[in-house]
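# Descriptive structure summary
One-letter residues, chain by chain:
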Amino acid sequence: MTCIERASPALNQILLKLYSAEKPMEIDHHLYEFGSAEYHILSEASDPRVAFLSISTAPLCPGVLATNELSSYTIEMIKALCPAVVEIAESRREGYQLTLKLNLTKIPRGKDYIKVIKEISTVHSVILSSQLKEILWNFNSDNAIKGMHKPIKLVYNPREPFFVIRQPQQIIAVFPIRFAEKSDVIISTAFFQLVDVGSSDRYAKAPPCSWSAIPPPELRGEAFEDLSTNGGFVSFDISSHHVDGKRLDKTVWNLLNFNAYVRYHVKITKGFIQRRMRKRLENLVEVLHHRESLEQDNEQITRHQDAGCSCTKRLVRSSKYSILKQRWGNLGRKLKRIHFRLKIQGFGRFRQRWLRLPKFSSREYTKLD
C-alpha cells in the first residue's frame, strides 16, 4: 500500500496486538508491503517477553549498494531507533537481510508504549533513507568517482524508479511520471505545467522544480523502458544546503515518497472534480424538477380555474332557474287562489252599482197554445 507515513501500518498493528495481549500468544506471521518489503514476526508462547522481527527489502540502488548486505551506517541507524528495546540478532533468519530481537518487557507502560512501537515500525523507512543518504552525502567531495555525472537509478517501487544525477554543485533528481488512467495524466500534466516554484519568493528555500514532456538531457542513454512515460518528467535541483544537518532526513523522505505524493493529490483532485460535477448535475436536475413542478402547478391551477368557471356558470344558471321558478310558482298559486279571476281595485263597487242584474219574481207562467 502506498503510504507517506514512515511507520508501517500493518506492522504497527501486529506489534500493538502482541504487546497488549493479556495472555501470552504465539505469532508466526509473514507480511508483504509496498516497496518490495517483507516482514516476518515470530513470538513463542513459551517466551512471551521476546519477539523476533526479520526484514527483507530490495536494494534501493542495484549495482551500487550491496544486494544482500546492509551497510554499517544502516545498521547503526536501526540500532538508534530504540536502543533499550531493539537488538540486532546474532543469527538472522534465512532469506532475510536483518533480524531484530525485541525485548517487550523494556517497552514503557502507559501511553508511551504506542510511540515506541510506532518508532520500531519505521524500520523499513530507516533502511531506505539511510541508503539514499549514503548516495546523497559527499556529492561534492573531492574523492568522487570518475563517472559522477552518470545517473543513478533508484528503485523504491519496481514500477516507479527515479534517477539521481550527482554534479559538482548540485544533485538533480528526475522522476518519470506514469499513470494508468488518461484522466490522471490530464490532471497531473495540467498541474505540472503550472509549476514554477523556483521563481517564487515564498518558496525560495525549496529546490527549483521543472517539468518536461521529454526526457531531460541528463538521462540520455538510459534504458527505453525507464524513459517511456505518459506524464512527462519532473526534475528537482538539490543544492548543498538542502542536505545539511536535519534537512537531509526531510529531503530524503520527500524524494522517496514524491511519486506517492503526486498520486495522492491527483486522486484527491479527481475526487474533488467528480464531487463538483455531481453537485452541479444535482443542481441542474433540481432546477429542471422545479420547472416541471411549476408547470404542473400551473396546469392544475388552470384546470381548477376552468372547473371553477364551469361550476360558477352552473351555479348562476341554477340560481336563475330557481328564482324564476319560485316567482312563477308564487304567481301560479295566486292565480289558483283567485280561480283565474282578475282583481281590479275599485271594480267591486262599480260592479255593485252599475252591473247589478234585475231581480225577477218567481211567478208561475202558463204555456200558451
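On a predicted model such as this, the values are computed, not experimentally measured, just so you know.

## Examining the sheet that holds strand E10 (residues 233–238)
The strand order across the open sheet built from five strands is E6-E7-E8-E10-E9, with neighbouring strands paired in antiparallel fashion. One side of each edge strand has no neighbouring strand; the edge strands of this open sheet are strand E6 (152–157) and strand E9 (209–212). Strand-to-strand twist across the sheet, computed as the mean angle between neighbouring axes with direction ignored, equals 25°. Bridging between E6 and strand E7 (residues 160–166) involves four bridges; their strand directions are antiparallel. From the neighbouring strand, Ile152 faces E7, where its bridge partner is Val164. Across the sheet, helix H4 (residues 123–136) lies against E6, E7 and strand E8 (171–176), angled at about 170° from E6, the strand it touches most.

## Section: the pairing of E8
The element E8 is extensively covered by neighbouring structure, given that six of its six residues are classed as buried. Every second residue of E8 is oriented toward a common face, with Ile171, Ala173 and Phe175 on one face and Ile172, Val174 and Pro176 on the other, all of them buried. Linking E7 to E8, which pair antiparallel, is a turn of four residues.

## Here's the deal with the confidence of the model for the protein chain
Confidence in the prediction of the protein chain, expressed as mean pLDDT, is 76, and 72% of residues score 70 or more. Between the elements of the protein chain, mean pLDDT differs from a low of 54, seen in helix H9 (residues 347–354), to a high of 90, seen in E8.

## Observations regarding the environment of Gln170
Mapped onto the elements, Gln170 comes out in the loop between E7 and E8. A relative accessible area of 24% places Gln170 in the partly exposed class. Sequence-wise, Gln170 and Ser239 are 69 residues apart; in three dimensions their C-alpha atoms are separated by 4.6 Å.

About the cut-offs
- Residues numbered from 1 in each chain as written.
- Predicted model: local features only at pLDDT ≥ 70, side-chain atom pairs only at ≥ 80, totals over all residues.
- Heavy atoms only, no water.
- Pairing = 2+ DSSP bridges.
- Helix = DSSP H or I, 4+ residues; strand = E, 2+ residues; numbered from the N terminus.
- Axes fitted to C-alpha atoms, helices over the stretch in contact; angles between N-to-C directions.
- Contact = heavy atoms within 4.5 Å.
- Buried < 20%, exposed > 50% of the residue type's maximum accessible area, 1.4 Å probe, protein only.
- pLDDT = per-residue confidence, 0-100.

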